[in-house]
Amino acid sequence: MHEVQLTKADMNRLVMDYLVIEGYKSAAEEFSQEAHVAPPVDFDSIESRMNIREALQRGDVEDAIVRVNELDPDLLDTNPELYFRLQQQKLIEYIRQGRIMEAIEFAQEELAARGEENPEFLGELEKTMSLLAFEANSSAPSEIAELLSPGQRMKTAGEVNAAILESLSQGKEVKLVSLLKLLSWGETMLSERADIPSKVIL
Amino acid sequence: MSRQVAIPRSASSARNIEDIIPARSFTNRSHTSPVRQPRIIHANVDHPCLPAPVASPPTTRTRRSSSTAPRAPRPPVPPSSPVSFPVPAYLNHSSLRHLLQTDVSPTLPITHRQYLSSTDSDDDSNVSPPPRDPGPVTSLDHPLQLPTRWDSETCHQHLSLSDNGRELTFQSASSTTTDSNAAAARTVQPIPPACGIYYYEVKVQSKGQKAYISIGFAGPNVRTSRLPGWEPDSWGYHGDDGCSFATEKKGTAYGPTFGLDDVIGCGIDFTTHRAFYTKNGVFLGLVFENVGKGIDLYPSVGLQHTGESIKVNFGHEPFKFDIEDYVSEQRTQTWKSIINSPLNPSIFSKEKTASSPSNVAVSDEQTKLTINKLVLSYLAHHGYVKTARTFQKQIQDVEMFDAYTESTFAPGSGPGSASASTSHTPGSLEFDFERDISIRTKIVDSVLSGDIDTALSETQKHHPGVLAAEQGLMLVKLRCRKFIEMVLESAELRKKMAGSTVEDREDGVFGDDMDMDVDDQTASVNGATMNGSTRHPSSSSAKAQYEQALETAIKYGQALDKDYRKDERPIVRSIFKKSFSVMAFYDPMNAGGVTAEVAGHEARVELANELNQAILKSQGRPTRPTLETVYRQAAVSIHYLGMTGVGSAAFADMQKEFLEG
């Protein structure tokens, strides 16, 4: 049978990739020592990335923006879409906190101009502003209510994370996730083909 | 989906696809038709270019069809020059590139033969000498021949083929122009779908009034008296009208006409089974559907008029079109679409599959949980204790953090928040690696340090099945190891005894000893000497210790021999023989060679490994980390798919995607 070329060092690198991209800094550090795997990035950058993620998950967009600029001053300048996402999140947080006047002011000063530049931004801005039309407990359309969900924060955090990884020329796809996808695809293809018994392994 | 066989998880380690699919079941469909090798055309052959017999086996292939018209013998042709050339660079985008070959030398690659004999010993094909035709394919690693020349055996009689097999010229006495005059040729080798994308170019060297030339593909049994595209299983792009033909008499408008000095490129994308053409380096667009699905596919051209002549480039010269860039782009797209496809829940445990229909996609959350579990068990398997501990703590912290941030949202702030918070269960990752790892690590470390008693008692306590398995084979191994450790201990004592008369300044020699078992026994006899680590033992007491240790070892060995005298198993006898031979050496630990293999540290490492795997196995765990099995399983599946005609699999380059860079 086909001999699969794979060493323990290969496996260790795949695990390291996962720990680094997903931001398990301490585990990545321990792993680097225990398994003698060279760290693919500066471990401090993992921590910065995680701090940014946590700030966004907390809803502290201002802190996140400051930290992004500390890590890479060019990132937001060169990535207007990402910057808009963060500003949008900030607007959402204002609305969530009931700081309506500040929200409107912020939207007018910071976001309206950007919306005019880009129709996609404008759509997002309109959607976000329409949050103001609904009382906290009313049943807003799910598309709009979702903006207030933790999922929205996660989404923004994920986009920032991916952009940072890309700027560090570190892959943003987690290899182990791709591996599972590939396994799944292969199993599906096999099952469609012949009477080859598939295997349950996870 | 419905064909999937649920396999109990306990058996999963043995049920890799590698174990399930017998090698024999991999028959490559390219061998349902005779595979021909290029021939040198000699002048004394009357009819070097016979019509293709339809699906006849190689032995009857030379039988002359009665419909073959008599024709003038070909001019003498000098012996063929080698037609092999380096595999074109664009094919390096295939993950199966190492199997793609342009070499048509008659000898089978040695690796292939080795493969046959080593992994499929019951295969009949070993008995007969390996023919040039790989015959029934028993391996998934056989080389894949790329087209390198037009086939003189099957090409139409009105076509004259150049010596190197790349130029075709229409030669016919008849000047009437009818469809029946068409003459086609195809290559010797079919295109391996493992290429992912295959591409060749044809240059029109001379033409009639209009270029009634068709360039395309054909299956193995297509009549060569017709242009590619007219017959079933053939596809062609025609120069006279620029139409594309797919098994039809009337074409579809496709591209520009082509003629003298034009270079037409012709590609097949096996990921989509669509073809494409280029003219003088310009892409003309995708065309046809289901090209070559389920059949072997050959490059094929057809000419119709006297004087028409073409020359093919199978990649031995630079292409007009930047095919490498094109393939690279398609490869990336294919890979993206594979890894962006939703996870099929069937790859998870059968419990999950049973409860959820297979068309429900797996959430990212679930995926992450699964990977966390895989990573954690990987770390535990290899004994990366600190990392595992840290990782587990971090996972829990993240879960708590997520749970906390969710709890800060006002209840009922929107339907979105409710749906997103359901999947969180802090501590949902239940994996008691601490206990598992600490016991196993203790046992393994005991073996490594020579403390077999601890290894035995801990294994007996936590994993009794391991010692009992295979009629107590592991117990035999461990007890013999204990005997060896005792012999080693006595040898150490003898060394020290000899040393103590010469060297007077050794401190704490006995207190540092690692084998506490023997130590204790000697201590009970020579208690007074053992207590004083500051005072050096006299040479006489050292001698007594040595003799005592040796006697204990021999007694243990005799008891061991008595216990297993009736065990006739060759493996047991062999273990005993090796173990007792250790006594013959003055310093077995450092003797080197075979003795070191039996007595030395490597023997401990090997035994420790064996015991570790036996414990894992007894727990119904795979002897290799599941994460590694995932990789191997994926690799074998993809390789199998690639070798059996799934073009997309050729663009799933695991080496490149996962291991490099």
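Anyway, here's the lowdown on the structure attached to this text. (Residues numbered from 1 in each chain as written. Chains lettered and ligands numbered in written order. Predicted model: local features only at pLDDT ≥ 70, side-chain atom pairs only at ≥ 80, totals over all residues. Heavy atoms only, no water.)

## Quick notes on the overall build of chain A
Helix and strand counts for chain A stand at 11 helices and zero strands. Listing the helices and strands of chain A from first to last along the sequence gives α-α-α-α-α-α-α-α-α-α-α. By the burial criterion, 52% of the 202 residues in chain A qualify as buried. Here the contacts in chain A between residues at least 6 apart in sequence split such that 54% fall between residues at least 24 apart. In the structure as shown, chain A presents an accessible area of about 9100 Å², 47% of it carried by carbon and sulfur atoms. (Helix = DSSP H or I, 4+ residues; strand = E, 2+ residues; numbered from the N terminus. Buried < 20%, exposed > 50% of the residue type's maximum accessible area, 1.4 Å probe, protein only. Contact = heavy atoms within 4.5 Å. Areas by Shrake-Rupley, 256 points an atom, 1.4 Å probe, with all protein chains shown as cover.)

## Let's talk about the sheet that holds strand S4 (residues 167-170) of chain B
Residue and element names in this part refer to chain B. Pairing in this open sheet of seven strands is antiparallel, and the strands run S3-S4-S15-S6-S11-S12-S13 from one edge to the other. Strand pairing shows two members of the sheet lacking a second neighbour, strand S3 (159-161) and strand S13 (282-287), which therefore form its edges. Across this sheet, the average inter-strand angle for adjacent strands is 20 degrees, counted without regard to direction. Of the pairings in the sheet, the one linking S3 to S4 comprises three bridges and is antiparallel in character. The partner of Leu161 across the bridge, within S4, is Leu168. The strands that helix H3 (residues 323-339) touches are strand S6 (197-206), strand S11 (263-269), strand S12 (274-279) and S13; relative to S6, the one it contacts most, it runs at about 155 degrees. (Pairing = 2+ DSSP bridges. Axes fitted to C-alpha atoms, helices over the stretch in contact; angles between N-to-C directions.)

## With respect to empty space enclosed by the protein
Which parts of space are left empty comes out when a probe the size of a water molecule is rolled across the atoms. All names here are of chain B. Here the structure, examined in full by the defined rule, presents nine cavities of 30 Å³ or more. The computed volume of the largest cavity comes to approximately 80 Å³. A total of three residues in the lining of the largest cavity trace back to one element, the largest contributor, which is strand S5 (residues 183-186). Split by residue class, the lining of the largest cavity holds seven nonpolar, four polar and three charged. (1 Å grid on protein atoms, 1.4 Å probe; cavity = no way out; pocket = protein on both sides within 12 Å on 5 of 7 lines; lining within 4 Å. Points joined across faces, edges and corners; volume = space filled by probe spheres on them. Nonpolar A, V, L, I, M, F, W, Y, C, P; charged D, E, K, R; others polar.)

## Structural notes on the packing of helix H6 (residues 80-96) of chain A against helix H8 (residues 119-129) of chain A
All names here are of chain A. Their axes nearest at 10 Å, the elements H6 and H8 cross at an angle of 10 degrees. One way to sum up the angle between H6 and H8 is to call them roughly parallel. Counting all contacts with H6, which are made through Pro80, Glu81, Phe84, Arg85, Gln88, Leu91, Ile92 and Ile95, the residues of H8 involved are Glu120, Phe121, Glu124, Leu125, Thr128 and Met129. For the contact of H6 with H8, a count of residues per class yields eight nonpolar, two polar and four charged. (Parallel < 35°, antiparallel > 145°, perpendicular 65-115°, else oblique.)

## What to know about the pattern of salt bridges
Following the criterion strictly, the structure yields 35 salt bridges over all chains and no others. Lys25(A) is the partner of Asp44(A) in a salt bridge, and the nearest nitrogen-oxygen pair spans 4.0 Å. Residue Asp44(A) is found in helix H3 (residues 43-58), and its partner Lys25(A) is found in helix H2 (residues 25-34); the two are separated by 19 residues along the sequence. The exposure class assigned to Asp44(A) is partly exposed, which follows from its relative accessible area of 46%. A residue is classified by how much of its surface remains accessible, and Lys25(A), at 15% relative accessible area, is buried. The partner of Arg565(B) in a salt bridge is Asp561(B), and the shortest N-O contact between them spans 3.0 Å. Take Asp561(B): its relative accessible area is 23%, and that puts it in the partly exposed class. Look at the salt bridges and you will find they share partners, linking Arg85(A), Glu120(A), Glu124(A), Lys127(A) and Glu159(A) into a network. (Salt bridge = Lys/Arg side-chain N within 4 Å of Asp/Glu carboxyl O.)

## Examining the nonpolar core
In terms of nonpolar packing, the biggest core is built from 61 residues, with Leu19(A), Phe31(A), Phe391(B) and Tyr631(B) touching the most fellow members. Apart from residues no more than four positions distant in its own chain, Tyr631(B) is found in contact with Val4(A), Leu6(A), Met11(A), Leu14(A), Leu179(A), Met654(B), Gln655(B), Phe658(B) and Leu659(B). Among the nonpolar cores identified, the runner-up in size contains 57 residues, and Leu91(B), Leu99(B), Val291(B) and Phe314(B) belong to it. (Core = buried A, V, L, I, M, F, W, Y, C linked by side-chain atoms within 4.5 Å.)

## Looking at the packing of aromatic side chains
Residues and elements named next belong to chain B. Within this structure, the stated rule accounts for 28 aromatic pairs over all chains. Aromatic pair Tyr200 and Phe217: ring centres 6.1 Å apart, planes at 80 degrees, arrangement edge-to-face. Of this pair, Tyr200 sits in strand S6 while Phe217 sits in strand S7 (residues 214-218), and the two are 17 residues apart along the sequence. Residue classification places Tyr200 among the buried residues on the basis of a relative accessible area of 0%. Members of the aromatic cluster, each reached through a chain of ring pairs, are Tyr90, Tyr199, Phe276, Phe283, Phe319, Phe321 and Tyr326. When the ring centre of Trp230 is taken as reference, the NZ or CZ atom of Lys249 above it lies at 4.1 Å. Directly above the aromatic system of Phe576 lies the positively charged group of Arg573, at a separation of 5.1 Å from the ring centroid. (Phe/Tyr/Trp six-rings, centres within 6.5 Å; stacked < 30°, edge-to-face > 60°. Lys NZ or Arg CZ within 6 Å of the ring centre and 35° of its normal.)

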